[in-house]
Amino acid sequence: MQTLIIYSTIDGQTLEICRKIKAFAERAGEKVSLFSLEQAEAINLADVDKVLIGASIRYGKHRPELYQFVNRNHAVLSAKVNGFFTVNVVARKPLKNTPETNPYMQKFLKLSLWQPQHLAVFAGKIDYPKYGLFDRTMICFIMWMTKGPTDLKGTFEFTDWAKVEAFGTHFSKL
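Cut-offs applied
- Residues numbered from 1 in each chain as written.
- Predicted model: local features only at pLDDT ≥ 70, side-chain atom pairs only at ≥ 80, totals over all residues.
- Heavy atoms only, no water.
- UniProt positions renumbered as here; feature names shortened; annotations may be inferred.
- Pairing = 2+ DSSP bridges.
- Helix = DSSP H or I, 4+ residues; strand = E, 2+ residues; numbered from the N terminus.
- Axes fitted to C-alpha atoms, helices over the stretch in contact; angles between N-to-C directions.
- Contact = heavy atoms within 4.5 Å.
- Right-handed = clockwise from strand over helix to strand, strands pointing away.
- Patch = residues over 30% accessible without salt bridge, like charges linked within 9 Å, V, L, I, M, F, W, Y side chains within 5 Å.
- Areas by Shrake-Rupley, 256 points an atom, 1.4 Å probe, with all protein chains shown as cover.
- Salt bridge = Lys/Arg side-chain N within 4 Å of Asp/Glu carboxyl O.
- Buried < 20%, exposed > 50% of the residue type's maximum accessible area, 1.4 Å probe, protein only.
- Parallel < 35°, antiparallel > 145°, perpendicular 65-115°, else oblique.
- Left-handed = near helix turned anticlockwise from the far one by under 90°.
- Core = buried A, V, L, I, M, F, W, Y, C linked by side-chain atoms within 4.5 Å.
- Arc of directions from axis to C-beta.
- Polar contact = N/O pair within 3.5 Å; in protein donor to acceptor, adjacent residues only side chain to side chain.

With an unreviewed UniProt entry as reference, the chain is termed Protoporphyrinogen IX dehydrogenase [quinone], source organism Shewanella oneidensis. Annotation of the chain in UniProt includes, under Function (unreviewed entry), the sentence "Catalyzes the 6-electron oxidation of protoporphyrinogen IX to form protoporphyrin IX; under anaerobic conditions uses menaquinone as an electron acceptor, under aerobic conditions uses ubiquinone as an electron acceptor." For the chain, the Pathway (unreviewed entry) comment in UniProt is given as "Porphyrin-containing compound metabolism; protoporphyrin-IX biosynthesis; protoporphyrin-IX from protoporphyrinogen-IX: step 1/1."

Structure representation (structure tokens):
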């Protein structure tokens, strides 16, 4: 089974999640390729059996390039075993951490021509020391408004790695 995992990340947490899922699939005997969204533009999607796309949120939005890619390729994506997950800090909240309850997943499904077969939502990570002044200030303000962590010296990982493993194991069995 040839699996392609595509990631769209800004700070790297989505890539880390994709690497974990890749490891689960490889343990299940699949041949897995991992590419950034930009690299995936050069790949012939017809050559793979399964496609999983993971994408992060920044300031309430997935990157426009994500929509361009999935809308341009929705027919071939739909013909494969496929899945999509979004990574966002809103998913740290119990009532917003499922595909049905996460506003960013719901927005993706409304704006995308592609309707993935398998969906997941994972909470991301805040790494204030890594951000530039603008991002640090904006993210801190958003966290203050949403009752999240605001310690500018802190790094806060919300990813539930057991949930990532469960989804990765499930997807590798398809």
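Anyway, onward from the coordinates.
Engineer: Hey, could you go over the sheet that holds strand β5 (residues 118-123) for me, with residue numbers and the actual values?
Structural biologist: In space, the five strands of this open sheet follow the order β2-β1-β3-β4-β5, with parallel pairing throughout. Each of the sheet's edge strands pairs with one partner strand only, and the pair in question is β2 (31-36) and β5. Going from strand to strand, the sheet's axes swing by 15° on average, the running direction of each strand aside. Strands in contact with helix α1 (residues 13-27) are β1 (2-8), β2, β3 (50-56), β4 (81-88) and β5; relative to β1, the strand with the most contacts, it is inclined by about 170°. Each of β1, β3 and β4 touches helix α3 (residues 64-72); the most contacted strand, β3, lies at about 160° to it.

Engineer: Account for the pairing of β2, naming residues and giving values.
Structural biologist: Note that β1 and β2 share six bridges and pair parallel. What sits directly across from Thr3, in β2, is Val32. Crossover β1 to β2 through α1 is right-handed.

Engineer: Give me the lowdown on a nonpolar patch on the surface, citing residues and values where you can.
Structural biologist: A cluster of nonpolar side chains, namely Tyr59, Phe134, Phe141, Ile142, Trp144 and Met145, defines an oily patch on the protein surface of about 670 Å² accessible area. Since its relative accessible area comes to 35%, Tyr59 is described here as partly exposed.

Engineer: Outline the packing of α1 against helix α7 (residues 161-172), supporting the account with residue identities and numerical values.
Structural biologist: It is at 8 Å that the axes of α1 and α7 come closest, and there the two elements cross at 50°. Judged by the inter-axis angle, α1 sits oblique to α7. The way α1 lies across α7 gives a crossing that is right-handed. For the pair α1 and α7, contact is made by Gln13, Glu16, Ile17, Lys20, Ile21, Phe24 and Ala25 and by Trp161, Val164, Glu165, Phe167, Gly168, Thr169 and Ser172, respectively.

Engineer: Describe the nonpolar core, and please don't skip the residues or the numbers.
Structural biologist: If you look at the biggest cluster of nonpolar residues, it comprises 22 residues, and the most contacted ones within it are Ile6, Ile53, Leu66, Phe69, Val70, Phe84 and Phe108. If you list the elements that add at least two residues to this core, you get β1, α2 (37-40), β3, α3, α5 (103-111) and β5. Of the residues forming this core, the biggest block, four residues, is contributed by α3. The next biggest cluster of nonpolar side chains, apart from the first, holds 17 residues, and it includes Ile17, Cys18, Val164 and Phe171.

Engineer: Lay out α5 with the relevant residues and their values.
Structural biologist: Buried within α5 we find Tyr104, Met105, Phe108 and Leu109. The buried residues of α5 all sit within an arc of 140° when viewed along its axis, so they share a single face. Structurally, α5 contributes buried residues whose contacts are with α3, β4 and β5. Of the residues flanking the start of α5, the one acting as N-cap is Asn102, its side-chain oxygen 3.0 Å from the backbone nitrogen of Tyr104.

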